[in-house]
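If you want the building blocks of each chain, they are given just below.
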Amino acid sequence: MAEDMSIESYLSQGGKLSNPTNVPPRYRAELMKMMATFVDSELAGAAGFADVINAGPGIKERIAAAKIVLEKTDNADAVLRLLGEFGADTARYATSHPWTSRLPRDSEIGSRRSEHDMRLSVLNYPLDGWVDAVTMNLCMGLAVGQQLGELQQVSYQPLADAIRRVAPIETRHVELAEEGLARLVEQGQSDAIATSVAYWRPRVEPMFGDVPQERFEQLRNWGLRHRSNGELGASWNAQLDKSLDRLGLAV
């Protein structure tokens, strides 16, 4: 970075930051919020999925579910270590929030987050058995993929690098979900899957809610955002439709 260039100008021209010491305060706050949302969502997601491992209809399904729980927890740890460099108490973090806490299943749809942590709003809703869990994993996993695409481009290089390592693992979780749903379709569970899609799709969608234009432009100037939520949401909807089409589901 040229000596006479401000950090803001450097970032707006595509510059990258590599450690907490030279991070501007407002940038730092937004970056930490992004990292906490990822960590909390992975931990809450893992906790919810752990509760349905034994609902798996066979050993193969239970192994896949247990692996997803392990890997989501490991992915959270990868970003939590970065939060620790910003002063987060990583030793207490995993036990500091009720990760299994959920709203009643029939709660009003919205973007309200947990009162306890920064998990995405969809992770406030409970799973209802194996078919529902696998369906949610597909709907949510595809949405997470959109967000990870953004995070791989962020201007804080350690986070971008961590997410590049995490992204293929999360992609595999989506593949496992689609494979699991294909087996359930063969077993005559198409109607149950369709019911679960109808439940989860509108609860995942608030992840792509409107961001005030001024705030989005600031985040983009800092290199923390690139595509709008509208673009991400449209891409997610299209991907989900393609997945459901491959499964022979008209939802």
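Summarised in this report is the structure supplied together with it. For clarity, every value in this text was computed on a predicted model and none was experimentally measured.

To continue, consider the overall build of the chain. Assigned secondary structure in the chain consists of nine helices and zero strands. When the elements of the chain are put in sequence order from the N terminus, they spell out α-α-α-α-α-α-α-α-α. Computed over the C-alpha atoms, the radius of gyration of the chain is 19 Å, within 12% of the 18 Å expected from 2.2 N^0.38 for a compact globule of 251 residues. Considered along the principal axes of its C-alpha atoms, the chain spans approximately 65 × 35 × 30 Å.

The next thing to look at is the packing of aromatic side chains. Within the structure shown, the criterion is met by six aromatic pairs. Ring centres 6.1 Å apart and planes at 70 degrees place the aromatic pair tyrosine 27 and tryptophan 222 in the edge-to-face group. Taken together, the positions of tyrosine 27 in helix H2 (residues 25-50) and tryptophan 222 in the loop between helix H8 (213-221) and helix H9 (229-246) put the pair 195 residues apart, joining distant regions of the chain. For tryptophan 222, a relative accessible area of 5% gives the class buried. When the ring centre of tyrosine 125 is taken as reference, the NZ or CZ atom of arginine 203 above it lies at 5.1 Å.

A few words on the side chain of serine 196. Mapped onto the fold, serine 196 is located in helix H7 (residues 190-204). Accessibility expressed as a relative area gives 8% for serine 196, which makes it buried.

Take alanine 78: it is sitting in helix H3 (residues 59-85). Taking the relative accessible area as the measure of exposure, alanine 78 reaches 17% and is therefore buried. Separated by 85 residues in sequence, alanine 78 and isoleucine 163 place their C-alpha atoms 8.6 Å apart.

Take the packing of H7 against H9 next. The interhelical angle for the contact between H7 and H9, taken along N-to-C directions, is 165 degrees, at an axis separation of 12 Å. In terms of orientation, H7 lies roughly antiparallel with respect to H9. The two elements H7 and H9 cross, and the hand of that crossing is right-handed. On H9, the residues that touch Val197, Arg201 and Val204 of H7 are Trp236, Asn237, Leu240, Asp241 and Leu244. Partitioning the contact of H7 with H9 into residue classes produces five nonpolar, one polar and two charged.

Here we take up the environment of leucine 17. Here leucine 17 shows up in the loop between helix H1 (7-12) and H2. Under the relative-accessibility criterion, leucine 17 is labelled buried at 2%. Distance from leucine 17 to glycine 180, taken between C-alpha atoms, is 41 Å for residues 163 residues apart in sequence. If we skip the residues at most four places from it in the chain, leucine 17 touches Ile7, Tyr10, Leu11, Asn22, Val23, Pro24, Tyr27, Ser155, Tyr156, Gln157 and Pro158.

Structurally, glutamate 170 is set in helix H6 (residues 157-186). In this structure, glutamate 170 is in contact with Glu42, Lys72, Asn75, Val144 and Leu148, ignoring residues within four places of it in sequence.

With the rule as written, the count across this model stands at one cavity of 30 Å³ or more. In this structure, the largest cavity spans a volume of roughly 30 Å³. Together, Pro57, Glu61, Trp130, Gly180, Arg183, Leu184 and Gln187 line the largest cavity. It is H6 that contributes the most residues to the lining of the largest cavity, three residues altogether. For the lining of the largest cavity, the class distribution of residues is three nonpolar, two polar and two charged.

A few words on the pattern of salt bridges. Counted under the stated rule, the structure contains 15 salt bridges. With a closest N to O distance of 2.9 Å, glutamate 170 and lysine 72 form a salt bridge. Of the two residues, glutamate 170 sits in helix H6 while lysine 72 sits in helix H3, which places them 98 residues apart along the sequence. Judged by its relative accessible area of 5%, glutamate 170 is buried. By relative accessible area, which is 11% here, lysine 72 ends up buried.

Each value, and the rule that gives it
- Residues numbered from 1 in each chain as written.
- Predicted model: local features only at pLDDT ≥ 70, side-chain atom pairs only at ≥ 80, totals over all residues.
- Heavy atoms only, no water.
- Helix = DSSP H or I, 4+ residues; strand = E, 2+ residues; numbered from the N terminus.
- Rg over C-alpha atoms; globule rule 2.2 N^0.38 Å.
- Phe/Tyr/Trp six-rings, centres within 6.5 Å; stacked < 30°, edge-to-face > 60°.
- Buried < 20%, exposed > 50% of the residue type's maximum accessible area, 1.4 Å probe, protein only.
- Lys NZ or Arg CZ within 6 Å of the ring centre and 35° of its normal.
- Axes fitted to C-alpha atoms, helices over the stretch in contact; angles between N-to-C directions.
- Parallel < 35°, antiparallel > 145°, perpendicular 65-115°, else oblique.
- Left-handed = near helix turned anticlockwise from the far one by under 90°.
- Contact = heavy atoms within 4.5 Å.
- Nonpolar A, V, L, I, M, F, W, Y, C, P; charged D, E, K, R; others polar.
- 1 Å grid on protein atoms, 1.4 Å probe; cavity = no way out; pocket = protein on both sides within 12 Å on 5 of 7 lines; lining within 4 Å.
- Points joined across faces, edges and corners; volume = space filled by probe spheres on them.
- Salt bridge = Lys/Arg side-chain N within 4 Å of Asp/Glu carboxyl O.

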